[in-house]
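For reference, the chains in residue letters:
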Amino acid sequence: MEVTLNWYLMLSAILFVIGVLGVLFRRNVIVIFMSVELMLNAVNLTLVALAQHMGDTTGQILVFFVISVAAAEAAVGLAIIIAIFRNQQTVDVTEINLFKY
Amino acid sequence: MLAEYGPFFIQLGLAIVLAFAFLKGAALLGPSRPNRIKQMPYESGMDPIGTARTRYSVKFYLVAMIFIVFDVEVVFLYPWAASFERFLDAGVGLEVLGVVTIFVIILAVGLVYDIKKGGLEFD
Amino acid sequence: MDLTQSFSSLGADIIVSAPLVLTMVMGLVIVVLDAFRRNHVATPWIAALTLAFGLVMEITRIGAASGTAYYDLLRVGGMAAYVNALIFGSGLLTVILARPYLESIGHHIGEVYALILFASTGMIVLGTANSLITIFVGFETMSICLYILTGLVRTNQGATESALKYFLLGAFATGFLLYGIALMYGATGTMYLHEMQSAVGDHQTMFRSGVGLLLVGFLFKVSAVPFHMWTPDVYQGAPTPLVGYMSTASKSAAFASLILVLYLALPSTQWIGVVAVIALLTMVIGNVIALAQTNVKRMLAYSSIAHAGYILVGLAAGSPEGYSGALFYLLVYTVMNIGAFGVIALLEWDGTQGSEQSLDSLSGIGYKKPLLAWSMVFFMFGLAGFPPLGGFIGKVAVFGPAIHSGLTWLAIVGVLTSAVSAYYYLRVLVVFFMKESNPDVATDNITFSVPGMSAAVIVLCVIMLIVLGIVPTFLDVTASFFDGNMLATLP
């Protein structure tokens, strides 16, 4: 059976949804953060598959930017998480609720 | 079909044979004077007995974060390196080199900052 | 592409985008300077001079014809120059306001100014982007710097919590934005905004889902309902002068980029309905929740949500007239909001006293600090949209085109919610002038002095607000960006 473009798009859509659900339903900040990274990587898969399918490199160039941005975001995010752990001794989002809506 | 993978299987077989030969050879030829410390699973590492949730220095995270950032920035150098020859042939090699030098200088600024702020000091 | 030609335009591009390049380079200079001379006294002034230079450069170029640079990735001149001037101006005022504030709370660190410069770089890239790639890169450069600035006071629980919420939700929104970009790219095969419409072909469904997801990312950044939940928490916890910067410059950049996307990539009218509904929700919910707030910073946060709604009304009109009205509104909003947050920042006199910013703690302050309080009168009347001030002209400029486009109901809701907003804006003034001072806070013996430069910035904002209200030429300037085919002209 041939692996067509749609397979890649489906796979990345599924990964993206898993990431979204992880963000919405997990309580541990680190896991939420990992879910966000999963979303970004799902999009990377879409971009690479589309770029390959169309024979155009622009999509792959964007993937480079996404990878490096994700790394910068990881550094900043982990720093913020460390700061909040030092202040509140927890990484559970339901316990981080100083401000009320 | 399968014949195309012939070299691969030969390589696999060689790897297995060699791995066993080295392991057995080391055991047979080397001196064996076991003591308590040498018998530990991680001879020079952390003691694996006890809770894994001990606190350790936040410096580990710091180094990991710095590593991620600098490691990933290298992705921009791969496409540059892969297409450098074509730019060279087109006669713009110096310009392309200049552009990537600017990029590396920006990274170096980050490294200088990191070193001066003590991000790489362990003690 | 002919590789021999690949660097022929680089020199010209760097000259034409000199403010952008200079901002980034000076940010790096500050990073190096700070590494060797920690918190050097010159750092804020380097940043201020850089931003002032950029502001002057861009103002002189507002009248110039619009063009592109870096292989059509960025726009320069015309509307791009106007947006850049907004970003530079907002950054400049913020740097001047933030210096004494950060000193008083003991977090005067050099990196802040480097981060403001980097964030400005990102905003400029976002606000002038002509390609989905530059939109993404600008969006993230801006956001990551703002996450750090939010959590600047890292020993403060509220600040780190704000930063965490901003970061998690921001990264989440980035995921949607990026997926939208990927789908739009997949449907059209191009990243350039001006090539999209003609290249969609028979991939309409994919293109529409892409645009929808892209809009989610943008609407999050401009804090439109239903993606506004982060705004009050972030504004309450972040350092006050920097909140002024976040709420104005990042909104200018995101709205400018959104206008370019709507104008270049989606000229058809099918998105008007969606934007109109979002604008309606944003105006109503922002204003209604603001009524119930007792904390001034939270109140201003909901007010900024409401103002995002007004600007969206201009976008929903879908006409060049509406876009130019929205651009004008961004200028007025920047002036008013920087001023209002500046006053609130100055009233946190030593970073602990008055830092709660509950309305009670500020009662009777009008007689202790008449300059600040009277400036606040102008900002509050401006935000509420009373006639002689810029806020009124701004509202006319966004509601008028909506009526012309047949969205009369939206304009009516806009006017009604503006009337509602007068209640909570004027309540601030009532508390400032007509209430007895709170004995718990003991405003009687306030002795803090207002730094001269900060007072000058506040007064400048007041003057700008009045000028914008009585000199109508500024509206002509933003309208000229859409004259004829100016924006659509490409090499």
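Within every chain, residues take consecutive numbers counted from 1 along the sequence as written. All chains are assigned letters beginning at A, and all ligands numbers beginning at 1, according to the order in which they are written. Note on the predicted model: pLDDT of at least 70 is required for a residue's local features to be given, and 80 or more for side-chain atom pairs to be given and counted; whole-chain, interface and lining totals, by contrast, use all residues.

K.L.:
Sorry if this is basic, but what is going on with the overall build of chain C here?
P.N.:
Under the scheme used here, helices are H or I runs from DSSP no shorter than 4 residues and strands are E runs no shorter than 2 residues, and both carry numbers assigned from the N terminus. Within chain C one finds 20 helices and 2 strands. Taking the principal axes of its C-alpha atoms as reference, chain C extends roughly 70 × 60 × 40 Å. Counting other C-beta atoms within 10 Å of a residue's own tells you its class, since 20 or more makes it buried, 12 or fewer makes it exposed, and anything in between is partly exposed; those C-beta atoms are placed from the backbone. Residues classed as buried in chain C amount to 63% of the 491 residues present. By the convention adopted here, residues are in contact when the distance between their C-beta atoms, placed from the backbone, does not exceed 7 Å. Across chain C, the fraction of contacts at a sequence separation of at least 24, relative to all contacts at a separation of at least 6, is 78%.

K.L.:
Just to check I follow, could you spell out the interface of chain C and chain B for this structure?
P.N.:
Interface size is commonly expressed as the accessible area that is lost once the parts come together. Residue-level contacts link 9 residues of chain C with 12 residues of chain B. Of the residues belonging to the side of chain C that touches chain B, the class tally is 7 nonpolar, 2 polar and no charged. Each residue gets one of three labels, nonpolar for Ala, Val, Leu, Ile, Met, Phe, Trp, Tyr, Cys and Pro, charged for Asp, Glu, Lys and Arg, and polar for the others, Gly among them.

K.L.:
I keep staring at the interface of chain C and chain A and nothing clicks. Help me out?
P.N.:
Across the boundary between the two partners, chain C contributes 29 residues, which contact 34 residues of chain A. Contributions of two or more residues to the side of chain C that touches chain A are made by α6 (132-150), α7 (157-188) and α10 (230-237) of chain C. A breakdown of the residues in the side of chain C that touches chain A according to their chemical character gives 17 nonpolar, 8 polar and 4 charged.

K.L.:
Mind showing me how you'd approach the environment of L465 of chain C here?
P.N.:
Residues and elements named next belong to chain C. Structurally, L465 is set in helix α19 (residues 452-470). Spatially, the C-alpha atom of L465 lies 6.0 Å from that of L389, the residues being 76 residues apart in sequence. Every residue in contact with L465, bar those within four places of it in the chain, is listed here: V335, M336, F378, G382, L389 and G390.

K.L.:
What's the story with the confidence of the model for chain C in this structure? I'm lost.
P.N.:
pLDDT runs from 0 to 100 and stands for how confident the predictor is about each residue. Per-residue confidence for chain C averages 87 on the pLDDT scale, and 93% of its residues sit at or above 70. For this predicted complex, the interface confidence score (ipTM) comes to 0.94, while the overall pTM stands at 0.89.

K.L.:
What is the right way to read the packing of helix α3 (residues 43-60) of chain C against helix α5 (residues 111-127) of chain C from this model?
P.N.:
A pair of packed helices is captured by two measures, namely the crossing angle of their axes and the spacing between those axes. Residue and element names in this part refer to chain C. Each axis is a line fitted through C-alpha atoms, and for a helix only the stretch in contact is used; angles between axes span 0 to 180 degrees, taken between their N-to-C directions. Interaxial distance between α3 and α5 falls to 9 Å at its minimum, and their mutual angle equals 20°. Classified by the angle their axes make, α3 and α5 are roughly parallel. Helix-helix and strand crossings are classified by hand; for α3 and α5 the assignment is left-handed. Of the residues in α5, those in contact with T43, P44, A47, T50 and L51 of α3 are Y113, I116, L117 and S120. Residue composition of the contact of α3 with α5, grouped by class: 6 nonpolar, 3 polar and no charged. Convention used here: angles under 35 degrees read as roughly parallel, angles over 145 as roughly antiparallel, angles from 65 to 115 as roughly perpendicular, and any remaining angle as oblique. In this scheme, a crossing is called left-handed if the near helix is turned counterclockwise away from the far one by less than a right angle; it is called right-handed if the turn is clockwise.

K.L.:
I keep staring at unusual backbone geometry and nothing clicks. Help me out?
P.N.:
A negative phi angle characterises most non-glycine residues, just as the trans form characterises most peptide bonds. Residue and element names in this part refer to chain C. Cis rather than trans, the peptide bond between V225 and P226 has omega equal to 5°. Note that P226 resides in the loop between α9 (204-221) and α10. Phi at Y71 takes a positive value of approximately 55°, unusual for a residue other than glycine. Accessibility expressed as a C-beta count within 10 Å gives 14 for Y71, which makes it partly exposed.

K.L.:
Can you help me understand helix α4 (residues 93-116) of chain B in this one?
P.N.:
Side chains three or four residues apart in an α-helix point the same way, a direct result of the helix having 3.6 residues per turn. Expected span of a helix: the number of residues minus one, times 1.5 Å. Taking 1.5 Å per residue as the helical rise, α4 of chain B with its 24 residues ought to reach 34 Å, and the 34 Å between its terminal C-alpha atoms agrees with that figure. Once α4 of chain B ends, the next one or two residues include G118 of chain B, with phi positive near 80°.

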